[in-house]
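# Chains, contacts and geometry: an overview
Residues per chain are reported as follows:
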Amino acid sequence: MGCMNSKSVRKFPAREDSLDLAAETAFTVNEVEALFVLFRSISNSIVNDGLLSKEEFQLAIFKNKKKDNIFANRIFDLFDVKKLGVVDFEDFVRSLNVFHPNASLKDKIAFSFRLYDLHNTGFIERPEVKEMLIALLFESDMKLADDVIETILDKTFVEADLKQDGKIDTEEWETFVKRNPSVLKIMTLPYLRDITISFPSFIFNSTNVERVDETSTRL
Amino acid sequence: MESKPHVLMHRYELGRLLGQGTFGKVYYARSTITNHSVAIKVIDKDKVMKTGQAEQIKREISVMRLARHPNIIQLFEVLANKNKIYFVIECAKGGELFNKVAKGKLKEDVAHKYFKQLINAVDYCHSRGVYHRDIKPENILLDENGNLKVSDFGLSALVDSKRQDGLLHTPCGTPAYVAPEVIKRKGYDGTKADIWSCGIVLFVLLAGYLPFHDPNLIEMYRKISKAELKCPNWFPQEVCELLGMMLNPNPDTRIPISTIRENCWFKKGPNIKNKRPVVENSTVSSSSTVLSDQNDCDDIAAEANGESVVPLSINAFDIISRSVGFDLSRFFDESFKKKEARFSSRLPANVIISKLEDIAKQLRMKIKKKAAGLLKLESLNEGRKGVLSIDAEIFEVIPCFHMVEVKKSNGDTLEYQKILKEDIRPSLHDIVWVWQSDQQLQSQQSEQHQHTDDQQQQQPQS
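Parameters at a glance
Residues numbered from 1 in each chain as written. Chains lettered and ligands numbered in written order. Predicted model: local features only at pLDDT ≥ 70, side-chain atom pairs only at ≥ 80, totals over all residues. Heavy atoms only, no water. Contact = heavy atoms within 4.5 Å. Buried area = accessible area lost by both parts, 1.4 Å probe. Salt bridge = Lys/Arg side-chain N within 4 Å of Asp/Glu carboxyl O. Polar contact = N/O pair within 3.5 Å; in protein donor to acceptor, adjacent residues only side chain to side chain. Helix = DSSP H or I, 4+ residues; strand = E, 2+ residues; numbered from the N terminus. Nonpolar A, V, L, I, M, F, W, Y, C, P; charged D, E, K, R; others polar. pLDDT = per-residue confidence, 0-100. Expected span 1.5 Å × (residues − 1). Buried < 20%, exposed > 50% of the residue type's maximum accessible area, 1.4 Å probe, protein only. Axes fitted to C-alpha atoms, helices over the stretch in contact; angles between N-to-C directions. Parallel < 35°, antiparallel > 145°, perpendicular 65-115°, else oblique. Left-handed = near helix turned anticlockwise from the far one by under 90°.

Taken together, the contact pairs 68 residues of chain B with 74 residues of chain A. Of the roughly 6100 Å² buried between chain B and chain A, counting both surfaces, carbon and sulfur atoms make up 66%. When residues of chain B are sorted by the area they lose upon contact with chain A, B:F317, B:F331 and B:F332 head the list and together hold 14% of the total. Along the contact surface separating chain B from chain A lie zero salt bridges. For the pair chain B and chain A, the interface holds 10 residue pairs in polar contact (both at pLDDT 80 or more). The element best represented in the side of chain B that touches chain A is helix α15 (residues 436-458) of chain B, accounting for 10 residues. For the side of chain B that touches chain A, the residue count by class is 33 nonpolar, 18 polar and 17 charged.

Now the structure itself:
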């Protein structure tokens, strides 16, 4: 896609690129253009190359580039679809699409499963959950005894690991999150509804032309 | 043959013309997705660029984004194509307040209602660093339920419009509603200028005419500067006193909004029957719960039986998902002052609940117990964005380890943050193990200073 290589990415996305992204996501053409304003500001915060690095991603979340966080790293890894260590605008939009209030529950469940499948084994395994739980408790400065952590894990796996094989597969995960919808709360960003108001400077660069083919999947 | 309605971006069916402004027209429209009525302000991009008003348009969007309040016209979204910019805004079907006043003065109770809503809206704007600068009945609309909606932020100023003297310097607004200090073209305080305009609006609502008017503009300016107020004999004495303080020609001694809120006429409800019940005791006991639904009845029954509210049990994934690292809302919301706060406690649920009940008593808030560890604390007085309501939800991790989420469910975020910081957090001190967000952000803030230092070192030496 024309606007996606690093040389031209600093320019506003070409009309065809915005159209394509709008056609395959819950975003409209204008929302894609507004997302570009956001992407440009966070992807040029350290290196002005029009690509989003892990440091820039962390700087956007934590407001400092040195903060190393297992959870932010994990989200970045999933955004980095091409596994190049950087995220381009196209992948940024497609990944954020999962967090759209109108995105399908199926997509949210699938993304959240991959989020917790730290070692990409196709299963959420008990050691992975323990690793994340300890990391969360550490970042919150809560020190729990190991037996307490094991009790929390026992309680969770009794409910989620229906096959009792010490790991959670995609089917078990779907059943589990449908019974515990609060787990998916992080998978929806209400802010994405207001994207054109949050980053309004797109209005002066918009190449949008009113035509029938500009309908996004949301409509 | 009937012409096919024009559909904008396949999403809004444009209807009749509602009005015309500096940069374009405003149309009535209907969303083809939700079927809701909206208004669409169409702005000519070329005209904006040629007149160098791009920043003004961006500022109007920023202001309307900041000013989310039930008595302020809401901006839903912004659309654009090569030639035009479209503001999709809330449609106030009741028309301009001006049309009501044009027919004659309003009854005191109606004027009181509108004035109270106007002050709430203006106070909310000021708390966000926004000054309207053009408050007049033509810019005050009504919805289908007769609620007031402030519109037209085209002239509004943000805090960063101030010069080093802390004052605004652009004369804006409509002469009859403009404060004397604005006319004098000296620096002026946006909050004080808006209060003057609100005073003029109140006078017009109750009198049906302007307090300082003259066909000769110079003469009108002189009258405004002198501010010799003559109230009609049908004005209640307390209104005359309030207007005297609002239409004080000296902005330094003009009444502030906080004092207007304490004014007896402002506070008194014109319709006594509809007033909220006032609790006579200075403290509000947890048993003075208003029964509003079956849950409340069950809760009171549960208390009578000596049962406690059982908190929801949460799992490892619920805990993990609370990490700041998973919070992508930080891309969009730069102020980290979230609407929720979270703490953990190593005390049993009943101890946490009784502590929250004590806090509600201290704050003179009504407390409702809901099912599954949810407590609702509700203010007895209306704030600048309605009644402040706070939810405290208790989650059990294991029997003696609980997580508690405190969040605003209604009212003004700034009022909530103030009460959280000054009252709730200090009172919870003895039951809190860790305030989660504090710890998560602590290391990042100390590193943030380092990041700022790095940036300063990278600056070329002058």
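There's plenty left to go through after this.
As a further point, take the confidence of the model for chain A. All names here are of chain A. On average, chain A scores 84 in pLDDT, and the residues at 70 or more come to 86%. The spread of mean pLDDT over the elements of chain A runs between helix α1 (residues 15-24), the lowest at 82, and strand β2 (residues 86-87), the highest at 95. Residue range residues 210-219 is modelled with pLDDT below 50. Its contacts to residues more than four positions away, or to other chains, number 37 contacts.

What follows covers helix α6 (residues 105-116) of chain A. Along an α-helix, a turn takes 3.6 residues, which lines up residues three or four apart on a common side. An ideal rise of 1.5 Å per residue puts 16 Å on 12 residues; α6(A) measures up with 17 Å between its terminal C-alpha atoms. Taken together, the buried positions of α6(A) are occupied by A:K108, A:I109, A:F111, A:S112, A:F113, A:L115 and A:Y116. On its buried side, α6(A) packs onto α4 (70-79), β3 (124-125), α7 (126-139), β4 (167-168) and α9 (170-179) of chain A together with α12 (316-320) of chain B.

It is worth spelling out the packing of α7(A) against helix α8 (residues 146-160) of chain A at this point. Residue and element names in this part refer to chain A. At a closest axis distance of 11 Å, the pairing of α7 and α8 adopts a crossing angle of 125°. Compared by their axis directions, α7 and α8 come out oblique. For the crossing formed where α7 meets α8, the hand is right-handed. Between α7 and α8, the contacting residues are R126, V129, K130, L133, I134 and L137 on the first element and D146, I149, E150, I152, L153, D154 and F157 on the second. Its residues assigned to classes, the contact of α7 with α8 shows eight nonpolar, no polar and five charged.

Not every positive phi belongs to a glycine, and A:K83 is a case in point at roughly 55°. Tracing the backbone through its elements, the reader meets A:K83 in the loop between α4 and β2. The phi dihedral of B:N35 falls on the positive side, at around 75°, and the residue is not glycine. Here B:N35 shows up in the loop between β3 (24-31) and β4 (37-44).

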